[in-house]
Amino acid sequence: MSAIPRPASTVVLMNQQSMVYLTKRPETMKFMAGVYVFPGGAVDKGDEVQDFQNEIVGNRNEYFELAYYVAAARELFEEVGILLCSAEDGSVFLMDLEKEREYRRQLINGELTFLQMLKNERLQFNLESLHYFGHIITPNVSRIRFDTRFFIAQLPEGQLPKPDQKEISDAKWISPADALSEYHNGKMPLPPPTIHTLKTIATHQSSEPPIMPKFNSNDYKLLF
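Residues numbered from 1 in each chain as written. Predicted model: local features only at pLDDT ≥ 70, side-chain atom pairs only at ≥ 80, totals over all residues. Heavy atoms only, no water.

**Some points on the side chain of T194**
Within the element layout of this structure, T194 appears in helix α5 (residues 192–205). Each residue touching T194, except ones within four places of it in the same chain, is listed here: L22, Y36, V37 and F38. (Helix = DSSP H or I, 4+ residues; strand = E, 2+ residues; numbered from the N terminus. Contact = heavy atoms within 4.5 Å.)

This is the structure we're talking about:
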């Protein structure tokens, strides 16, 4: 009997140069050890939205739970310190470094939820900062399975990734085409979902006119 897939979210972070941010999982990880992937992880109970509606704005895909969006934003913040939020008035918000470290620690340890952090800091998470573009379910043969929604996010103004050293052994900005080239040359281990995602984006970037980082939700579609 195959394992039941656990809900999860993955975020393709893209900068103004149309490069994506790939993170390497430590060799000690139980799942996909030693390979480069996009930031992401499982949906937690705390990602479910109940009485936090004031902290969430924008339109979303109605075909799956809002918790996938929250998990995507939380994982991106936990793993690489990128916060897809603004102040209540919509202005750019940059968190103090020490406060960021403490919130990331608390989130990773399950001491508070992402939505509680937004409430504490009077922040708003705009769902439209995450552009849904695909869905992957781990094959039945795998002992650990995920039902994953893929999103693309543009690197927010004034922010730079700061990888969590316990969860990430290496990280880099790279173009999708160069990442695929390094994979084929044996220099960058990539799992099938990451390969497929990179191929999808690279195909659109090579089109005329090329797809730029300021895309809309219909620019990219993963086909499975």
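Text resumes after the structure shown.
**Details of the sheet that holds strand β5 (residues 56–57)**
The 3 strands lie next to each other as β5-β7-β6, forming an open sheet whose pairing is mixed. Pairing within the sheet leaves two strands with one partner each, and these edge strands are β5 and β6 (85–87). Here 2 bridges tie β5 to strand β7 (residues 123–126), and the two strands are oriented parallel to one another. Counterpart to I56 in the pairing with β7 is F125. Across the face of the sheet, helix α3 (residues 114–121) comes into contact with β5, β6 and β7 while running at roughly 135° to β7. (Pairing = 2+ DSSP bridges. Axes fitted to C-alpha atoms, helices over the stretch in contact; angles between N-to-C directions.)

**With respect to the layout of surface pockets**
For the largest pocket, the calculated volume is near 910 Å³. Contributing to the lining of the largest pocket are 42 residues, with R25, G40, G41, A42 and F146 lying nearest its centre. Elements represented by at least two residues in the lining of the largest pocket include exactly β1 (6–14), β2 (20–24), β4 (40–42), α1 (67–80), α2 (97–108), β9 (146–154) and α5. The residue inventory of the lining of the largest pocket, partitioned by class, reads 21 nonpolar, 11 polar and 10 charged. Approximately 460 Å³ is the volume attributed to the second largest pocket. Every residue lining the second largest pocket is counted, 19 residues in all, and those nearest its centre are S129, Q154, L155, P156 and E157. When residues of the lining of the second largest pocket are traced back to their parent elements, those giving at least two are β6 and β7. Classifying every residue of the lining of the second largest pocket gives 7 nonpolar, 10 polar and 2 charged. (1 Å grid on protein atoms, 1.4 Å probe; cavity = no way out; pocket = protein on both sides within 12 Å on 5 of 7 lines; lining within 4 Å. Points joined across faces, edges and corners; volume = space filled by probe spheres on them. Nonpolar A, V, L, I, M, F, W, Y, C, P; charged D, E, K, R; others polar.)

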